[in-house]
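Residue-level structural notes
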Amino acid sequence: MSLPSQKYKQLLTQEIITFDAGQQVALHSLDQLLAELVPESESSNKYQSSVSQSQGVYLWGAVGRGKTLLMNLFFQSLPAGVGTRLHFHHFMSNLHKDLNRMTGVADPLKKIAKEMARHQKVICFDEFFVSDIADAMLLGGLIEALFKEGVFLVATSNISIDDLFQNQLQKERFKPTIALLNHHLQSFELNGAVDYRYRLPIDQAIYFINREALYEEVILSLFESSDSGEREVQLNGRAVKTQSVSEHSVWFDFASLCESPRSSEDYMALAEGFVHIIVSDIPELSSEPFEHIKARGVEDGAVGSGETGKRRVCLGVNDDAVRRFISLVDECYDQRVSMYFHSEVPLEELYCNGSLGFEFRRTLSRIMEMQTSSYLSMI
């Protein structure tokens, strides 16, 4: 069985990645964690005297610094059946489904944690981010129960543990969970100066400013044997209009896919159902943020305020659609879907102003990586 560090060295030898000194301490900790989880592995003797007493590792930092890479190397080092790896949206979606299944059960979070512990010893999830107070409270209760059951966690995030949920209303209620995470997890900031996705060679066209180029280079090849014209696909029981669809490929305009209410589960279903996804007619998404009142729960990422049924938010006029676009790219990236985009503005000018600038940096970085031939084979 190979250690994460050994897999890392193999990638260096193959010139798939570049050595980063800032990743090495976290990589060493993941080696130690493997020794604790799999004591019979080759790593046991090496780390026997220095095994961490934590219950996991939290990797955070700016986009493109190798957080997901290191987590995936660790997950691939685990024996089959020891762990599971999920995007954080999937993790929360599964939690809600489990809660619905246990309606009427006393202490459902404890029961769910016991079931999880029976099936996996470690849970790896990518893009830890909490934006909803209801999800925050559920997550806190489940994580506490998982730690008590002896489950280990490995997570990645763009945000430190201390800053999780800190820009949200009712943030005080999440502080016990922050303390719990700080107590049980080793936290490592990957703070290298380079976004490695931007250093990858751009060798395939996926982002088009010229609609005719999109049609000639992508549409004709993906839909040459299918019926053209508008059709619909079903996403979780709701019809969504497409520009064209075949067995493995689907083409939407931005308005159909992102400007009407959609959940992350819709984008999960989309990424699971198609190999190629095209999004055309993306407008310039920048807008001046302004504060207004919105009914709680109407849009994605709703956050409760102290007022019943209301929440005060600061968003640009396009930001609800931007949030959905971010979720769409995240899901497709996680499932290694081939994406193609069309907009009348260059990628770097797509979203220059708005309240979601921090989150959108990850989207830009991922679209940059999607422009490389190595994207579909990347870890």
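None of these values were measured; they are calculated from a predicted model. (Residues numbered from 1 in each chain as written. Predicted model: local features only at pLDDT ≥ 70, side-chain atom pairs only at ≥ 80, totals over all residues. Heavy atoms only, no water.)

Time to look at the pairing of strand 8 (residues 238-242). Pairing geometry for strand 7 (residues 231-235) and strand 8, over 5 bridges, is antiparallel. Within strand 8, the position partnered with Val233 by the bridge is Val240. Between strand 7 and strand 8, which follow one another and run antiparallel, lie 2 residues, and Asn236 among them has a positive phi close to 50°. (Pairing = 2+ DSSP bridges. Helix = DSSP H or I, 4+ residues; strand = E, 2+ residues; numbered from the N terminus.)

Once that is clear, we can look at helix 6 (residues 108-119). Under the 1.5 Å per step criterion, the end-to-end length of helix 6 is 17 Å for 12 residues, consistent within 8% with the ideal 16 Å. Taken as a whole, helix 6 has its buried residues at Leu109, Ile112, Ala113, Glu115 and Met116. All buried residues of helix 6 project into a common sector of 160° when viewed along the axis, lining one side. Residues of helix 6 that are buried sit in contact with helix 5 (88-101), strand 3 (122-126) and helix 7 (133-148). (Expected span 1.5 Å × (residues − 1). Buried < 20%, exposed > 50% of the residue type's maximum accessible area, 1.4 Å probe, protein only. Arc of directions from axis to C-beta. Contact = heavy atoms within 4.5 Å.)

Taken in spatial order, the 5 strands line up as 2-3-4-1-5 in an open sheet, and their pairing is parallel. The strands lining the two open edges of the sheet, one partner per strand, are strand 2 (83-87) and strand 5 (186-189). The average angle at which neighbouring strand axes cross in this sheet is 10°, direction not considered. Two elements, strand 1 (residues 56-60) and strand 4 (residues 152-157), share 5 bridges in a ladder whose sense is parallel. In the strand pairing of strand 4, Val57 is matched with Val154. (Axes fitted to C-alpha atoms, helices over the stretch in contact; angles between N-to-C directions.)

End to end, helix 9 (residues 211-223) covers just 16 Å across 13 residues, shorter than the expected 18 Å (1.5 Å per residue, more than 12% under). All of the buried residues along helix 9 are Ala213, Leu214, Val218, Ile219, Leu222 and Phe223. Backbone nitrogen of Glu212 and a side-chain oxygen of the N-cap are separated by 2.7 Å at the start of helix 9; the cap is Asn210. (Polar contact = N/O pair within 3.5 Å; in protein donor to acceptor, adjacent residues only side chain to side chain.)

So, on to the pairing of strand 3. Burial analysis of strand 3 places 5 of its 5 residues in the buried class, the great majority of the element. Residues Val122, Cys124 and Asp126 point to one face of strand 3 and Ile123 and Phe125 to the other, with burial holding for every one of them. Relative to strand 3, strand 2 runs parallel, the two sharing 5 bridges. Its bridge partner being in strand 3, Thr84 is matched across the sheet by Ile123. Of the strand pairs in this sheet, strand 3 and strand 4 are connected by 4 bridges, and their pairing is parallel. The residue bridging Ile123 from the neighbouring strand is Leu153, located in strand 4. For the crossover from strand 3 across helix 7 to strand 4, the handedness is right-handed. (Right-handed = clockwise from strand over helix to strand, strands pointing away.)

What follows concerns the side chain of Asn158. Within the element layout of this structure, Asn158 appears in the loop between strand 4 and helix 8 (175-184). Looking at Asn158, the relative accessible area reads 13%, which means it is buried. At a separation of 3.2 Å, a polar atom in the side chain of Asn158 contacts the main-chain carbonyl oxygen of Gly61. Ignoring any residue separated from it by four or fewer positions in sequence, one finds Asn158 in contact with Trp60, Gly61, Ala62, Val63, Lys67, Glu127, Phe358 and Arg362.

What follows covers unusual backbone geometry. Within the chain, Glu127 stands out as a residue other than glycine whose phi angle is a positive 65°. Relative to the helices and strands, Glu127 is located in the loop between strand 3 and helix 7. Judged by its relative accessible area of 9%, Glu127 falls in the buried class. Despite not being glycine, Asn236 shows a phi value in the positive range, around 50°. Mapped onto the elements of the fold, Asn236 is located in the loop between strand 7 and strand 8.

Don't take any of this as a statement about function, it's just geometry.
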